[in-house]
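Chain by chain, the residues:
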Amino acid sequence: QVQLVESGGGLVQAGGSVRLSCAASGRTFATFMGWFRQAPGKEREFVATIGWSGQVTTYADSVKGRFTISRDNAKNTAYLQMNSLKPEDTAVYYCAARYSSTTSTRQAEYKYWGQGTQVTVSS
């Protein structure tokens, strides 16, 4: 009974910034929110995750230092701020949610998924 809707994707030049949003509805905000991405011909990969309080965050090495995950529980919304974008960041970005007391970077541990939003970084 959790619905996730991503927004904010689009076309951006290399070196630019984009902020993705993930709005949740249908149930109380998940304990952990995550962002994953999938490029054409590639496996879906972990990007970032954040705990309920926002104090516990985990990032993939490929985005560490460039991306920032955050959440606003009052708005039932999670965000992914993406800076210093590279062409290799081009992918469909998915928001995911799980109800747990621990963090996870594994796709299988996330029960709910959004439809994805396309981010294209031009060179």
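What comes next is a walk through the structure. (Residues numbered from 1 in each chain as written. Predicted model: local features only at pLDDT ≥ 70, side-chain atom pairs only at ≥ 80, totals over all residues. Heavy atoms only, no water.)

Let us look at the pattern of salt bridges. Counted by the stated rule, this structure contains 6 salt bridges. One salt bridge in this structure joins Asp-89 and Arg-66, with 2.7 Å as the shortest N-O distance. Of this pair, Asp-89 sits in the loop between β8 (77-82) and β9 (91-98) while Arg-66 sits in the loop between β6 (57-59) and β7 (67-72), and the two are 23 residues apart along the sequence. Exposure remark for Asp-89: the relative accessible area of 1% places this residue in the buried category. Note that Glu-109 and Arg-98 form a salt bridge whose closest N and O atoms lie 3.5 Å from each other. (Salt bridge = Lys/Arg side-chain N within 4 Å of Asp/Glu carboxyl O. Helix = DSSP H or I, 4+ residues; strand = E, 2+ residues; numbered from the N terminus. Buried < 20%, exposed > 50% of the residue type's maximum accessible area, 1.4 Å probe, protein only.)

Here the focus is the packing of aromatic side chains. Evaluation of the coordinates by the stated rule reveals 5 aromatic pairs. With a centroid separation of 5.7 Å and an interplanar angle of 75°, the aromatic rings of Phe-36 and Phe-46 are classed as edge-to-face. Here Phe-46 lies in strand β5 (residues 45-50) and Phe-36 lies in strand β4 (residues 32-38), a separation of 10 residues in the sequence. In terms of burial, Phe-36 and Phe-46 fall into one category: buried. Cluster of aromatic residues (ring-pair linked, three or more members): Phe-36, Phe-46, Tyr-110 and Trp-113. The ring of Tyr-110 has Arg-98 sitting right over it, with the charged end atom 5.5 Å from the ring centre. (Phe/Tyr/Trp six-rings, centres within 6.5 Å; stacked < 30°, edge-to-face > 60°. Lys NZ or Arg CZ within 6 Å of the ring centre and 35° of its normal.)

Looking at the secondary structure, you find Thr-49 in strand β5. A polar contact is formed between the side chain of Thr-49 and the backbone oxygen of Met-33, at a distance of 2.9 Å. With near-sequence residues (within four places) excluded, Thr-49 lies in contact with Phe-32, Met-33, Gly-34, Val-56, Thr-57, Thr-58, Ile-69, Thr-103, Ser-104 and Tyr-110. (Polar contact = N/O pair within 3.5 Å; in protein donor to acceptor, adjacent residues only side chain to side chain. Contact = heavy atoms within 4.5 Å.)

Within the fold, Cys-95 resides in strand β9. Other than its neighbours up to four places away in sequence, Cys-95 contacts Leu-4, Glu-6, Cys-22, Met-33, Gly-34, Trp-35, Tyr-112, Trp-113 and Gly-114.

This paragraph deals with unusual backbone geometry. Not every positive phi belongs to a glycine, and Asn-76 is a case in point at roughly 50°. If you trace the backbone, Asn-76 turns up in the loop between β7 and β8. Positive phi outside glycine occurs at Ser-84, with the angle close to 50°. Along the chain, Ser-84 turns up in the loop between β8 and β9. Exposure remark for Ser-84: the relative accessible area of 42% places this residue in the partly exposed category.

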